[in-house]
Amino acid sequence: MDNSNVGAVMAIPRHVAIIMDGNNRWARKRLLPGVAGHKAGVDAVRAVIEVCAESGVEVLTLFAFSSENWQRPAEEVGALMELFLGALRRETRKLDENGISLRIIGDRSRFHPELQAAMREAEAKTAGEKRFILQIAANYGGQWDIAQAAQRLAREVQGGHLQPEDITPGLLQSCLATGDLPLPDLCIRTGGEHRVSNFLLWQMAYSELYFSDLLWPDFKHEAMRGALADFAKRQRRFGKTSEQVEAEARA
């Protein structure tokens, strides 16, 4: 497992992950249907992308739709799918023009073929060397991610290409949906809840956690800058003592 940044003083996280919570509550407070909150949340997405890109963050992963969200009312799920499809068609060109590569992680098999095609098209149009990666987790769950990585390795063992004892944490990590990217340094959750809700479970083993009481549509530029400022004050020890980390920083 790559912990090459152990003990380093990192003012800016390389990878930020966000659980965007509070859209429905934002809408209810305004006596609006739930989908209005999700639409309002798009502005917060734009604001956070802008701050991360200008600050030097390399990867931003947004938890857009969990594998458990299918349990929500069918009307809300349908509206979310329409919103997602519209955003892909509307925003892809802007992402490409601004040097942003779009990736979508999760199990796509449950999505409508039209939406699956739009995902592939958006990824293809924004592919290549870019200054910033925007990663959308859709029909994603941390447990699913670990299970599919284990299945990949099991097939390798079954095929005689790998021995069970060759399976290391680093090898399993490379088979995760985010296997070619740096691990999340900072995970933000809005909406006042203090849990990770099956998001990037393996990847967040050493992430710094930041919880905001703001509902997602209200989490704009200053709120994101505040989260980055809070991260910059933290000492990341990865199991070491403060004294060890400080000594390594002076070396």
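What you see is a predicted model, and the numbers here were worked out from it, not measured in a lab.

1. Some thoughts on the UniProt feature "binding site: Mg(2+)" (unreviewed entry) in the protein chain
Piece 1. Mapped onto this numbering, the UniProt entry gives "binding site: Mg(2+)" (unreviewed entry) at Asp21 and Glu208. In the annotated set above, the residues contributing to the lining of the largest pocket are Asp21.
Piece 2. Among the structural elements, Asp21 can be located in the loop between strand E1 (15-19) and helix H1 (23-29).
Piece 3. Apart from the residues lying within four places of it in its own chain, the contact partners of Asp21 are Arg189, Thr190, Gly191, Glu193, Leu214, Leu215 and Trp216.
Piece 4. A polar atom in the side chain of Asp21 sits 3.0 Å from the side chain of Arg189.
Piece 5. With sequence-adjacent residues up to four places away left out, Glu208 is seen in contact with Asp185, Leu186, Cys187, Phe231, Arg234 and Arg236.

2. Quick word on the side chain of Glu91
Piece 1. Its place among the elements puts Glu91 in helix H3 (residues 74-97).
Piece 2. The buried category is assigned to Glu91, whose relative accessible area is 15%.
Piece 3. A polar contact is formed between the side chain of Glu91 and the side chain of Arg46, at a distance of 2.8 Å.

3. Points about the pairing of strand E4 (residues 132-140)
Piece 1. The buried count for E4 comes to nine of nine residues, which makes it a mostly enclosed element.
Piece 2. Inspection of the sheet shows strand E3 (residues 100-105) paired to E4 by six bridges, in the parallel sense. Residue pairing for E4: Ile105 is matched across the bridge by Ala137.

4. A word on the nonpolar core
Piece 1. Among the nonpolar cores identified, the biggest contains 44 residues, and Ile18, Leu60, Leu134 and Met224 are the most heavily contacted of them.
Piece 2. Not counting the four nearest positions on each side in its chain, Leu134 is found in contact with Ile49, Leu60, Leu62, Leu95, Ile100, Ser101, Leu102 and Arg103.
Piece 3. If you look at the next biggest cluster of nonpolar residues, it comprises ten residues, including Ile19, Ala137, Tyr140 and Cys187.

5. What to know about the packing of helix H2 (residues 34-55) against H3
Piece 1. Relative to each other, H2 and H3 sit at 30°, their axes nearing to 10 Å. What the angle tells us is that H2 and H3 run roughly parallel. In the packing of H2 onto H3, the handedness of the crossing is right-handed. For the pair formed by H2 and H3, the contact residues are Val35, His38, Lys39 and Arg46 on the first element and Glu76, Ala79, Leu80, Leu83, Arg90 and Glu91 on the second.
Piece 2. Across the contact of H2 with H3, the residue classes break down as four nonpolar, one polar and five charged.

6. A word on the packing of H3 against helix H4 (residues 113-125)
Piece 1. Put simply, H3 and H4 touch, their axes get as near as 10 Å, and they point 15° apart. If you check the angle between H3 and H4, you find them roughly parallel. Seen along the crossing, H3 lies across H4 with a hand that is left-handed. Contact with H3, carried on its side by Met81, Phe84, Leu85, Leu88, Arg89, Thr92 and Asp96, involves Glu114, Leu115, Ala118, Met119, Ala122 and Lys125 of H4 and no other residues of that element.
Piece 2. Looking at the contact of H3 with H4 residue by residue, the class counts come to eight nonpolar, one polar and four charged.

Thresholds, definitions, all that
Residues numbered from 1 in each chain as written. Predicted model: local features only at pLDDT ≥ 70, side-chain atom pairs only at ≥ 80, totals over all residues. Heavy atoms only, no water. UniProt positions renumbered as here; feature names shortened; annotations may be inferred. 1 Å grid on protein atoms, 1.4 Å probe; cavity = no way out; pocket = protein on both sides within 12 Å on 5 of 7 lines; lining within 4 Å. Helix = DSSP H or I, 4+ residues; strand = E, 2+ residues; numbered from the N terminus. Contact = heavy atoms within 4.5 Å. Polar contact = N/O pair within 3.5 Å; in protein donor to acceptor, adjacent residues only side chain to side chain. Buried < 20%, exposed > 50% of the residue type's maximum accessible area, 1.4 Å probe, protein only. Pairing = 2+ DSSP bridges. Core = buried A, V, L, I, M, F, W, Y, C linked by side-chain atoms within 4.5 Å. Axes fitted to C-alpha atoms, helices over the stretch in contact; angles between N-to-C directions. Parallel < 35°, antiparallel > 145°, perpendicular 65-115°, else oblique. Left-handed = near helix turned anticlockwise from the far one by under 90°. Nonpolar A, V, L, I, M, F, W, Y, C, P; charged D, E, K, R; others polar.

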